[in-house]
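Here's the letter readout for the chains.
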Amino acid sequence: MDTMDTGFFVAWFEEAARLVRRDRDRLTELDAAIGDADHGTNLDRGLTEVTKALAEWPPSSPVQVLSSAGATLIRRVGGASGPLYGSVFRQMSKALDTPVTLAGFAAAFDQGVVALQRLGKAALGDKTMVDALTPASRALALAVRDGVGAREAFEQAARAAAEGAKATIPLQARKGRASYLGERSVGHEDPGAASAALFMAALATAAA
Ligand code: ADP
Ligand code: MG
């Protein structure tokens, strides 16, 4: 896989939608512990709309897939995570060069994470989706530097995101609804970090 075409990006969101549907209850239970118990249902609804829109108005470029998905997530996901995920994909769509190489993907993804942090003001360690997406972005940058192929690079990014999500368990939340709990947020995995790990797992599957 030298470059990533429109079909690759569609497959990414279809697989993300499938994984979030599969793990909807787990994500909602994580949010029940430190939030308001809507993350799984929110994101499932949003990604169902994303795949529906991609089927109804077939995109003709990777940029269109990302901008459509970003706009739908902003519009259809109630709660903080919709605009936050939306900002990642919309910024990625703006930063992406075609044809999409691994280096181009990694650079655009990093811009997406920067936009997310600009919007949500969360730093690494604040117990948010940033704690999964930042290590994933770093893993992609390292893979590009080391000349690793796309498939292996996305697997490494997925692993880094999953580890980052698990690493939120001992942290105290400093952003979002969970931060209202103070020390009581310690001991639970952040739901947004968990769903971000699913997005990265979906990327690895789309590349496989
Ligand atoms: P809400 O908190 O409005 O109910 P969701 O339940 O859909 O929204 O999403 C919660 C997730 O959003 C959190 O687990 C966290 O990962 C993420 N999140 C919340 N606020 C921020 C923020 N300021 N920056 C980054 N991520 C955030
Ligand atoms: Mg919630």
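Definitions and limits used
- The written sequence of each chain sets the order in which its residues are numbered from 1.
- Whichever chain is written first becomes A and whichever ligand is written first becomes 1, with later ones labelled in order.
- Local features in this predicted model are restricted to residues whose pLDDT is 70 or higher, and side-chain atom pairs enter the listing and the counts only when it is 80 or higher, whereas totals over whole chains, interfaces and linings include all residues.
- Heavy atoms from the whole structure form the basis of all side-chain values; hydrogens and water molecules are not counted.
- To qualify as a helix, a DSSP run of H or I must reach at least 4 residues; to qualify as a strand, a run of E must reach at least 2; elements of each kind are numbered from the N terminus.
- Buried means the residue's accessible area, taken with a 1.4 Å probe over protein chains only, is under 20% of the maximum for its type, while exposed means over 50%, and partly exposed covers the values in between.
- When charges are counted, neither His nor the chain ends are considered; positive counts come from Lys and Arg and negative counts from Asp and Glu.
- Take a side-chain nitrogen of Lys or Arg and a carboxyl oxygen of Asp or Glu: if they are within 4 Å of each other, that pair is a salt bridge.
- Think of a polar contact as two N or O atoms within 3.5 Å of one another; within protein, one of them needs to be a possible hydrogen donor and the other a possible acceptor, and neighboring residues in sequence only count if both atoms come from side chains.
- Contacts are residue-level and defined by heavy atoms, with any inter-residue pair within 4.5 Å sufficient.
- One less than the residue count of a helix, multiplied by 1.5 Å, gives the span that helix is expected to have.
- With a 1 Å grid laid over protein atoms only, a set of points is called a cavity when a 1.4 Å probe fits there but cannot get out and a pocket when it is open yet has protein on both sides within 12 Å along at least five of seven lines; lining residues have an atom within 4 Å of a point.
- Grid points are joined across faces, edges and corners, and a volume is the space filled by probe spheres set on the points.
- Charged means Asp, Glu, Lys or Arg here, nonpolar means Ala, Val, Leu, Ile, Met, Phe, Trp, Tyr, Cys or Pro, and polar covers whatever is left, Gly included.

Visitor: I would appreciate a short explanation of the side chain of Asp190 in the present structure.
Guide: In this fold, Asp190 is placed in the loop between helix H8 (150-166) and helix H9 (191-207). Of the side chains with opposite charge, Lys127 comes closest to the buried, unpaired Asp190, at an N-O distance of 6.7 Å. Only 3.2 Å separates the side chain of Asp190 from the backbone nitrogen of Gly192, close enough to count as a polar contact. Polar side-chain contacts of Asp190 include one of 2.8 Å to the backbone nitrogen of Ala193. Discounting residues that sit within four places of it in the chain, Asp190 has contacts with Ile34, Lys127, Thr128, Met129 and Thr168.

Visitor: What exactly am I supposed to notice about H9 here?
Guide: At 3.6 residues per turn, the α-helix brings residues three or four places apart onto the same side. Over its 17 residues, H9 runs 25 Å from end to end, which matches the ideal 24 Å to within 8%, given 1.5 Å per residue. Of all 17 residues in H9, 15 are buried, a share of seventy percent or more. For H9, the N-terminal capping position is held by Asp190, with its side-chain oxygen 3.2 Å away from the main-chain nitrogen of Gly192.

Visitor: Before we go on, may I ask you to explain the layout of surface pockets in this structure?
Guide: Empty space among the atoms becomes visible once a probe the size of a water molecule is rolled across them. Put simply, the largest pocket is a space of about 500 Å³. Lining the largest pocket are 27 residues, with Ala80, Ser81, Leu84, Gly176 and Arg177 positioned closest to its centre. Among the secondary structure elements, those contributing two or more residues to the lining of the largest pocket are helix H2 (24-34), helix H3 (39-56), helix H5 (81-95), helix H6 (102-120) and H9. Taken together, the residues of the lining of the largest pocket break down into 10 nonpolar, 10 polar and seven charged.

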